[in-house]
Amino acid sequence: MARNKHPEETVNLILDTAFRLFMEKGYEYTSIQDIIDNLGGLSKGAIYHHFKSKEDILIAVADRITSESNKILADIRDNPGLNGRDKLKTIFKTSVKRSVNDDIFAVAPNINNNSKLLFSLLHETVYEAAPYYILPIIKQGISDGSIKTEYPEQLAELIILVANVWINPMIFNNTKEEIYCKFMVFRQMMQGFGLDIIDDEILNRMMELVSIYEVRK
């Protein structure tokens, strides 16, 4: 049945199935055979025609999630009713409050043990999120007076690298208390730039997600 599908449909079937199993069982506890058994007749050879390993499937699943997140970022970036500072705050609040995060943090692998996924995250952060979503917002903030910096490109990279990497519990084996301290430093750093964009609601939600991830470890 699945063999008759077009390649794009086959890839989507594999990713849909893998994502569901990762959510149900966790990445480490899902095997290639588990994915095959849930594909309605698709062979192992057909899977390996599109993906070299379970790790490559995970990266493709992560890329799909990132694409959905980027759509949200673009909508906020292009919102004409917000100034630059408010857009940054909205991005942080929207990003951490997404309900799908509970499932993602509950089954997420340790990215530090997955070099391909770590590289993919770093590449997306520096070469996509920073220049295409955060930088335009900072430049708008400079124009409307809500953000003050002489180094917009560097500030954009700093903000997104800290948010996506430095305080990411999936990368560093930090305790909940250590993550909290990092978040407070990030909050103070943003306030030093005149950007009071990390409020208690964002902090509390982030700590909820960290707690979910700690249970999974």
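This structure is a prediction, so every number in the text was calculated from the model and none was measured.

Enquirer: Just give me the short version of the pattern of salt bridges, but keep the residues and values in it.
Expert: Counted under the stated rule, the structure contains 15 salt bridges. Residue Glu-55 pairs with Lys-116 through a salt bridge whose shortest N-O separation is 3.9 Å. Here Lys-116 lies in helix α7 (residues 115-144) and Glu-55 lies in helix α4 (residues 54-77), a separation of 61 residues in the sequence. You can call Lys-116 partly exposed: its relative accessible area is 39%. A salt bridge links Lys-93 to Glu-201, with the shortest nitrogen-to-oxygen separation between them at 3.1 Å. You can see Lys-93 sitting in helix α5 (residues 84-97) and its partner Glu-201 sitting in helix α10 (residues 200-216), a full 108 residues away along the chain.

Enquirer: Can you lay out the confidence of the model for the protein for me, pointing to particular residues and giving the numbers?
Expert: Scored by pLDDT, the protein has a mean of 88; 97% of the residues are at 70 or more. Confidence, expressed as mean pLDDT per element, reaches its minimum in the protein at helix α6 (residues 100-107) with 78 and its maximum at helix α8 (residues 152-166) with 95.

Enquirer: Could you give an account of α7, naming the residues involved and the relevant values?
Expert: Compared with an ideal rise of 1.5 Å per residue, which puts 30 residues at 44 Å, α7 spans 40 Å between its outermost C-alpha atoms and is within 8% of the ideal. The largest bend along α7 measures about 55° and falls at Ala-130, with the proline Pro-131 one to four residues further on. Following α7 by one or two positions, Gly-145 adopts a phi angle in the positive range, close to 85°.

Enquirer: An account of the side chain of Thr-149 is needed here, citing residue identities and associated values.
Expert: Tracing the backbone shows Thr-149 in the loop between α7 and α8. From its side chain, Thr-149 meets the backbone nitrogen of Tyr-151 in a polar contact 3.0 Å long. Apart from the residues lying within four places of it in its own chain, the contact partners of Thr-149 are Ile-138, Ile-142 and Leu-155.

Enquirer: Quick rundown of the nonpolar core? Include the residues and the values.
Expert: Core analysis: the biggest nonpolar cluster contains 34 residues, and Leu-88, Phe-92, Ile-159 and Phe-186 have the highest contact counts within it. For this core, the elements supplying multiple residues, two or more each, are α4, α5, α7, α8, α9 (176-192) and α10. Per-element tally for this core: the top contributor is α7, with seven residues. Excluding its chain neighbours within four sequence positions, the residues that come into contact with Phe-186 are Phe-92, Ile-159, Val-162, Ile-167 and Ile-198. Residues Tyr-27, Ile-35, Ile-47 and Ile-111 belong to the second largest nonpolar core, which totals 30 residues.

Enquirer: Describe in detail the packing of α8 against α9, supporting the description with residues and values.
Expert: At a minimum axis distance of 11 Å, the contact between α8 and α9 shows a crossing angle of 170°. Of the possible angle classes, the one that applies to α8 and α9 is roughly antiparallel. Where α8 abuts α9, its residues Leu-158, Ile-159, Val-162 and Trp-166 lie against Lys-182, Val-185, Phe-186, Met-189 and Met-190. Considering only residue class, the contact of α8 with α9 consists of eight nonpolar, no polar and one charged.

Enquirer: I'd like a description of the packing of aromatic side chains, backed by residues and values.
Expert: Evaluated as defined, the whole model comprises three aromatic pairs. A centroid spacing of 5.3 Å and a plane angle of 70° characterise the contact between Phe-22 and Tyr-27, whose relative ring orientation is edge-to-face. Members of the aromatic cluster, joined through ring pairs, are Phe-92, Phe-183 and Phe-186. Over the face of the ring belonging to Tyr-27 we find Lys-54, whose NZ or CZ atom lies 4.2 Å from the ring centre. A cation over a ring is seen here: Lys-182 above Phe-172, with NZ or CZ 4.2 Å from the ring centre.

Enquirer: Go over empty space enclosed by the protein with me, naming the residues and quoting the values.
Expert: Counted according to the given criterion, the structure contains one cavity of 30 Å³ or more. Of the pockets and cavities examined, the largest cavity occupies roughly 1,200 Å³. Ser-69, Asn-101, Leu-121, Asn-164 and Asn-168 are the residues nearest the centre of the largest cavity, which is lined by 45 residues in total. Breaking the lining of the largest cavity down by element, the ones donating at least two residues are α1 (7-25), α4, α5, α6, α7, α8 and α10. For the lining of the largest cavity, the element with the most residues is α4, which contributes ten residues. The residue inventory of the lining of the largest cavity, partitioned by class, reads 33 nonpolar, nine polar and three charged.

About the cut-offs
Residues numbered from 1 in each chain as written. Predicted model: local features only at pLDDT ≥ 70, side-chain atom pairs only at ≥ 80, totals over all residues. Heavy atoms only, no water. Salt bridge = Lys/Arg side-chain N within 4 Å of Asp/Glu carboxyl O. Helix = DSSP H or I, 4+ residues; strand = E, 2+ residues; numbered from the N terminus. Buried < 20%, exposed > 50% of the residue type's maximum accessible area, 1.4 Å probe, protein only. pLDDT = per-residue confidence, 0-100. Expected span 1.5 Å × (residues − 1). Bend = angle between axes of the 7 residues up to and from the residue. Polar contact = N/O pair within 3.5 Å; in protein donor to acceptor, adjacent residues only side chain to side chain. Contact = heavy atoms within 4.5 Å. Core = buried A, V, L, I, M, F, W, Y, C linked by side-chain atoms within 4.5 Å. Axes fitted to C-alpha atoms, helices over the stretch in contact; angles between N-to-C directions. Parallel < 35°, antiparallel > 145°, perpendicular 65-115°, else oblique. Nonpolar A, V, L, I, M, F, W, Y, C, P; charged D, E, K, R; others polar. Phe/Tyr/Trp six-rings, centres within 6.5 Å; stacked < 30°, edge-to-face > 60°. Lys NZ or Arg CZ within 6 Å of the ring centre and 35° of its normal. 1 Å grid on protein atoms, 1.4 Å probe; cavity = no way out; pocket = protein on both sides within 12 Å on 5 of 7 lines; lining within 4 Å. Points joined across faces, edges and corners; volume = space filled by probe spheres on them.

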